[in-house]
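# Chain and residue survey
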Amino acid sequence: SVAARGELEQARAEIGLAEALLRDQIMQSPVAMAVYRGPEHRYELANPRYHEMVARDQVVGKTLLEVFPELAGTPVLAALDHAYRTGQPFSTDEYPVVLIRNGKREDCFFLFNLAPIRDTGGAITGLMNTAVEVTEQVRTRHAVEHSEAKFRRMFESNMVGFLFGTLDGGVLDANDYVLELLDVSRHDLPGLDLMAMTVHDDVARSLAASAEIRERGVCE
């Protein structure tokens, strides 16, 4: 009937408007976003931030493996296949991915969120990918952890003395080398007063060093 056709046309118009609004939101998003269609994950849409993040141009119309052949056989491709096949969203933190960017192999880390896209009948037709790169944050944390582990090995060694204290002479912690040097036990550390233990001729220098630390944050 004419009424039924009118309702159908109106529904199609509303769907088209919703899709246009979604497209605009994706393209303007400050977060990297892409839309894949079909089981081959062919790019239908990718915003500027996505292109910048992956260091690729003109991905639309290509399959994921055409854009990233290095992902063949990797867990990230398996995750996309599973999300498309089952309709289960996939979300993860600090997901490791090896990418070729600007001709160089890079060990990267991303926050991923894959959401299925369905047609009006409920069938899965594609996936929406939202990604945030956290490679630098992960590398920085790993560097700090490595530095802390290295320092801890030095602290626990008997080759160098380490002592942590307050500027007024209190002792917070020390390694075994210092305990042996001062002839005290670890239990005695909280009650120690470094200024009281310092020989008279060096007290003035120690106080000057404390003053320099307060002023400059470091002393020699």
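If you tally the helices and strands in the chain, you get eight helices and seven strands. Here the C-alpha radius of gyration of the chain, 31 Å, is well above what a compact globule of 220 residues would show, namely 17 Å. Seen through its C-alpha atoms, the chain measures out along the principal axes to roughly 105 × 35 × 35 Å. Evaluated residue by residue, the chain yields a buried proportion of 29% over its 220 residues. Considering only intrachain contacts with a sequence separation of at least 6, the fraction spanning at least 24 residues in the chain is 34%. Roughly 14,400 Å² of accessible area belongs to the chain as shown, and the carbon and sulfur atoms make up 55% of that amount.

Summed over the entire model, instances satisfying the criterion amount to ten aromatic pairs. Chaining the aromatic ring pairs together yields one cluster made of Phe90, Tyr95, Phe110 and Phe112.

The next thing to look at is the environment of Thr63. Mapped onto the secondary structure, Thr63 falls in the loop between helix H2 (48-54) and helix H3 (64-67). Setting aside chain neighbours within four positions, we find Thr63 in contact with Glu40, His41, Arg42 and Tyr43.

Counting residues in hydrophobic clusters, the biggest one holds 28 residues, and the most contacted among them are Tyr36, Tyr43, Tyr50, Leu64 and Phe68. Where this core is concerned, the elements lending two or more residues are strand S1 (32-37), strand S2 (42-46), H2, H3, helix H4 (75-86), strand S3 (90-101), strand S4 (104-118) and strand S5 (124-133). Sort the elements by how many residues they give to this core and H4 lands first, with five residues. Discounting chain neighbours no more than four positions away, the residues touching Leu64 are Tyr36, Glu40, His41, Tyr43, Leu71, Leu77 and Leu80. If you look at the next biggest cluster of nonpolar residues, it comprises seven residues, including Ala174, Val178, Val184 and Leu189.

This part covers the pairing of strand S7 (residues 171-174). As defined by bridge partners, strand S6 (residues 163-165) adjoins S7 across three bridges and the pair is classed as antiparallel. The residue bridging Gly165 from the neighbouring strand is Val171, located in S7. In textbook terms, the turn of a hairpin is the stretch between consecutive antiparallel strands, and for S6 and S7 this stretch comprises five residues, one of which, Gly169, has a positive phi near 105°.

It is worth spelling out the confidence of the model for the chain at this point. Overall, the prediction assigns the chain a mean pLDDT of 87, with 90% of residues at 70 or greater. Within the chain, H3 carries the highest mean pLDDT (96), whereas helix H1 (residues 2-28) carries the lowest (62).

Analysis parameters
Residues numbered from 1 in each chain as written. Predicted model: local features only at pLDDT ≥ 70, side-chain atom pairs only at ≥ 80, totals over all residues. Heavy atoms only, no water. Helix = DSSP H or I, 4+ residues; strand = E, 2+ residues; numbered from the N terminus. Rg over C-alpha atoms; globule rule 2.2 N^0.38 Å. Buried < 20%, exposed > 50% of the residue type's maximum accessible area, 1.4 Å probe, protein only. Contact = heavy atoms within 4.5 Å. Areas by Shrake-Rupley, 256 points an atom, 1.4 Å probe, with all protein chains shown as cover. Phe/Tyr/Trp six-rings, centres within 6.5 Å; stacked < 30°, edge-to-face > 60°. Core = buried A, V, L, I, M, F, W, Y, C linked by side-chain atoms within 4.5 Å. Pairing = 2+ DSSP bridges. pLDDT = per-residue confidence, 0-100.

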